Amino acid sequence: MNKDILEGKWEQLKGKAKEKWGELTNDDWDVVAGQRDQLVGRIQERYGRSKEEAEKEVDDWFSNN
């Protein structure tokens, strides 16, 4: 999903994303604000994933949503 599409659909997807990554706080979601790289970074931080694992998880999730 390209950056413009993600940012445009962010409000629609945010609820589903919160279900998937429940350990992220509301502050985290405010920082992410539809930016893929920010989401990847927050997942790495909160879940202890490598960058590659977090990127794959985000890409897989977006392709299914």
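For the structure, check the block above.
Conventions used here
Residues numbered from 1 in each chain as written. Predicted model: local features only at pLDDT ≥ 70, side-chain atom pairs only at ≥ 80, totals over all residues. Heavy atoms only, no water. Helix = DSSP H or I, 4+ residues; strand = E, 2+ residues; numbered from the N terminus. Rg over C-alpha atoms; globule rule 2.2 N^0.38 Å. Buried < 20%, exposed > 50% of the residue type's maximum accessible area, 1.4 Å probe, protein only. Contact = heavy atoms within 4.5 Å. Areas by Shrake-Rupley, 256 points an atom, 1.4 Å probe, with all protein chains shown as cover. Lys, Arg positive; Asp, Glu negative; His and termini not counted. Charge placed at Lys NZ, Arg CZ, Asp CG, Glu CD. Core = buried A, V, L, I, M, F, W, Y, C linked by side-chain atoms within 4.5 Å. Expected span 1.5 Å × (residues − 1). Arc of directions from axis to C-beta.

Right, let's get into the overall build of the protein chain. In terms of regular secondary structure, the protein chain is built from 4 helices and 0 strands. Ordered by position from N to C terminus, the α and β elements of the protein chain give α-α-α-α. Here the protein chain has a C-alpha radius of gyration of 11 Å; the compact-globule value for 65 residues is 11 Å, and the two agree. Considered along the principal axes of its C-alpha atoms, the protein chain spans approximately 30 × 25 × 15 Å. Taking all 65 residues of the protein chain together, 31% fall into the buried category. In the protein chain, the proportion of contacts linking residues at least 24 apart, taken out of those at least 6 apart, comes to 35%. When the accessible surface of the protein chain is summed, it comes to about 4,200 Å², and 40% of that surface belongs to carbon and sulfur atoms. Of the side chains in the protein chain, 12 bear a positive and 16 a negative charge, and the two mean positions are spaced by 2 Å.

Among the nonpolar cores identified, the biggest contains 14 residues, and Trp21, Trp29, Leu39, Ile43, Val58 and Phe62 are the most heavily contacted of them. Elements supplying a minimum of two residues to this core: α1 (3–20), α2 (26–32), α3 (36–47) and α4 (51–64). The element contributing the most residues to this core is α4, with 4 residues. Setting aside anything within four residues of it in sequence, one finds leucine 39 in contact with Trp21, Leu24, Trp29, Val32, Val58 and Phe62.

Another point: α4. Given 3.6 residues per turn, any residue in an α-helix points the same way as the ones three and four places further on. Its 14 residues give α4 an end-to-end C-alpha distance of 20 Å, which sits within 8% of 20 Å, the value for a rise of 1.5 Å per residue. Of all the residues in α4, the buried ones are Ala54, Glu57, Val58, Trp61 and Phe62. Projected down its long axis, α4 shows its buried positions confined to an angular sector of 125°, all on one face. Exposed residues on α4 whose side chains face more than 90 degrees from its buried face are Glu52, Lys56, Ser63 and Asn64.

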